[in-house]
Amino acid sequence: MSRARAKLRDRRARWKGLRARLKDFSSPYWLGGLGLGAGIAGLSVPILTGLARSGAVAEGALTLLVLLALHVRFITETPVRRAGAWWIVAVQAWLTYLPLTVFGAAWTPVCGLLAGALLVMAGRIRSIVLVLLALACGPVVLAAPDRSMIDPLWALAAPLAGLAEYAVLTLTRRAKQLGEARTEVMRRAVALERRRFTRDLHDLVGHRLTVLVLKAQLLERLVAERDEKAREEVSETVELLRSLSTDVRAVAHGLRSSTLAAELGSARSLLESARVRCQIRVSCRDLPGDVEEALTHALREGVTNVLRHAEARQCSMHLLERDHMVRLTIRNDGVRPPRRPGDAGQGLLNLAERVSGLGGWLEATSSRTGQFTFSVYVPRKK
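As a starting point, this report considers the structure included with it.

What counts, and at which threshold
Residues numbered from 1 in each chain as written. Predicted model: local features only at pLDDT ≥ 70, side-chain atom pairs only at ≥ 80, totals over all residues. Heavy atoms only, no water. Helix = DSSP H or I, 4+ residues; strand = E, 2+ residues; numbered from the N terminus. Buried < 20%, exposed > 50% of the residue type's maximum accessible area, 1.4 Å probe, protein only. Contact = heavy atoms within 4.5 Å. Areas by Shrake-Rupley, 256 points an atom, 1.4 Å probe, with all protein chains shown as cover. Expected span 1.5 Å × (residues − 1). Core = buried A, V, L, I, M, F, W, Y, C linked by side-chain atoms within 4.5 Å. Pairing = 2+ DSSP bridges. Salt bridge = Lys/Arg side-chain N within 4 Å of Asp/Glu carboxyl O. Axes fitted to C-alpha atoms, helices over the stretch in contact; angles between N-to-C directions. Parallel < 35°, antiparallel > 145°, perpendicular 65-115°, else oblique. Left-handed = near helix turned anticlockwise from the far one by under 90°. Nonpolar A, V, L, I, M, F, W, Y, C, P; charged D, E, K, R; others polar.

1. Digging into the overall build of the chain
Moving on, step 1. In terms of helices and strands, the chain carries 12 helices and 5 strands.
Moving on, step 2. Taken across its 382 residues, the chain has 38% of its residues classed as buried.
Moving on, step 3. Relative to all contacts within the chain whose residues are 6 or more apart in sequence, the contacts with residues 24 or more apart total 69%.
Moving on, step 4. Element-wise, carbon and sulfur atoms account for 60% of the exposed surface of the chain, whose accessible area totals about 23100 Å².

2. Let's talk about helix α10 (residues 260–273)
Moving on, step 1. With 14 residues, α10 should cover 20 Å at 1.5 Å per step; its first-to-last C-alpha distance of 20 Å lies within 8% of that length.
Moving on, step 2. Every buried residue of α10 is listed here: Leu260, Glu263, Leu264, Ala267, Leu270, Leu271 and Ser273.
Moving on, step 3. In the segment just after α10, Arg275 is the residue with positive phi, at about 65 degrees.

3. Some words on the nonpolar core
Moving on, step 1. Ranked by size, the top nonpolar core spans 39 residues in total, and within it Phe74, Val89, Trp107 and Leu118 carry the most contacts.
Moving on, step 2. Listed by contribution, the elements that provide at least two residues to this core are α2 (28–54), α3 (57–76), α4 (86–97), α5 (100–103), α6 (110–125), α7 (128–136) and α8 (152–225).
Moving on, step 3. Top contributing element to this core by residue count: α6, with 11 residues.
Moving on, step 4. Apart from the residues lying within four places of it in its own chain, the contact partners of Leu118 are Val89, Leu130, Leu133, Ala134 and Cys137.

4. Overview of the pairing of strand β4 (residues 361–366)
A regular strand carries its side chains on alternate faces of the sheet.
Moving on, step 1. Relative to strand β5 (residues 372–379), β4 is paired through 6 bridges, and the arrangement is antiparallel. Bridge pairing in β5 links Glu363 to Ser375.
Moving on, step 2. Adjacent in sequence and paired antiparallel, β4 and β5 are bridged by 5 residues, among which Gly370 carries a positive phi angle near 90 degrees.

5. Comments concerning the environment of Leu132
Moving on, step 1. Residue placement: Leu132 occurs in helix α7.
Moving on, step 2. Separated by 10 residues in the primary sequence, Leu132 and Ala122 place their C-alpha atoms 9.5 Å from one another.

6. A word on the pattern of salt bridges
Moving on, step 1. Taken as a whole and judged by the stated rule, the model has 5 salt bridges.
Moving on, step 2. Residue Glu184 is joined to Arg187 by a salt bridge in which the shortest nitrogen-to-oxygen separation is 2.5 Å. Remark: Arg187 and Glu184 occur in helix α8; sequence separation between them is 3 residues, near one turn of the helix.
Moving on, step 3. With a closest N to O distance of 3.1 Å, Glu184 and Arg188 form a salt bridge. Linking Glu184 with Arg188, this pair stays in helix α8, spanning 4 residues, or about one helical turn.

7. Considerations on the sheet that holds strand β1 (residues 277–282)
Moving on, step 1. If you walk across this open sheet you meet the 5 strands as β1-β2-β3-β5-β4, and the pairing is mixed. The open sheet has two free edges, formed respectively by β1 and β4, since each of these has just one partner strand. Looking at each pair of strands side by side, their axes are set apart by 10 degrees on average, direction ignored.
Moving on, step 2. Strand contacts of α10: β1 and β2 (314–322), with the helix running at about 160 degrees to β1, the strand carrying the most contacts.
Moving on, step 3. Strands in contact with helix α11 (residues 289–309) are β2, β3 (325–332) and β5; relative to β3, the strand with the most contacts, it is inclined by about 10 degrees.

8. Section: the packing of α4 against α6
Moving on, step 1. It is at 10 Å that the axes of α4 and α6 come closest, and there the two elements cross at 160 degrees. The orientation of α4 with respect to α6, classified from their angle, is roughly antiparallel. Judged by the sense of rotation from one axis to the other, the crossing of α4 with α6 is left-handed. From α4, Trp86, Val89, Gln92, Ala93, Thr96 and Tyr97 reach across to α6, where they touch Val110, Cys111, Leu113, Leu114, Ala117, Leu118 and Met121.
Moving on, step 2. Of the residues contributing to the contact of α4 with α6, the split by class is 11 nonpolar, 2 polar and no charged.

Put into structure tokens, the structure is as follows:
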């Protein structure tokens, strides 16, 4: 049985490796390389055929091999400088025109390679002069005194061969750049979604867990005191557990799980159950969805801070709007000694990130009398 599983794993591994190799072969560079190779091979065939007729196959093939090696190196290099190794083009030009006196008309198609190299360099340094030279490097040989050394058709077709090569190279690089850009966009989208999930999980589920801990402690005290409110607290705790399940699903699917009005009511009941007298005043309604969502998270974070970091007896919440600026202020007493300087907590950092994305900001102040004021400002779009 173990051998069969091992064989199955080996087959799956080989299949994955084969798929990876096939994927590499379908990449823009592979396809562009195949097109470039096909073009060079198609250009080399008539050259070698003409050299065979003239009886200079060995010398011509060796010269062509050196020329092709230099040409491929130049057009496929990643230049350190803008133009790249320009001396290769100079050597290629020398190997293009000088052998015409030796190999004759069979060497004329080589002008197409020089045209392609000049166009590549023109694209790198943005030179119109090089473009004109590339278009003229074939027809210029028609001015040779001995017309038998020139193949007129290939001389006129040389610019077209160069343009075709330049087009293949340009499309290949553009396809590669688009592929890399798409990969980068996907990577950023994944990172943003991971960040959203982590932030929502901390802000929403963390708040619920804090409330559950508080409820459990209260329930433990009521049971010890045999208070009749214990049964009521058990019901509220069960309801909180149900809402926590709903919140987890909302975070997983990126949905809104509550409204600002519902959170205000929940905050009042929660603080009063913790024996904190709560006062709420609301003077603005019908807020935009993004503003309401940010303020909902701000309200949760403020209530969580009151429960965790203070021994409050009174708490007030004001939601006001003035000059298209919405302000949520949470003020409480019973502030404990401050924590370490600079330790703002992940909740406040997440909230600052949410609010700053809407053009808002946070303010937090504490007084010597133990009063703590937490305010969130969010502009309301017209």
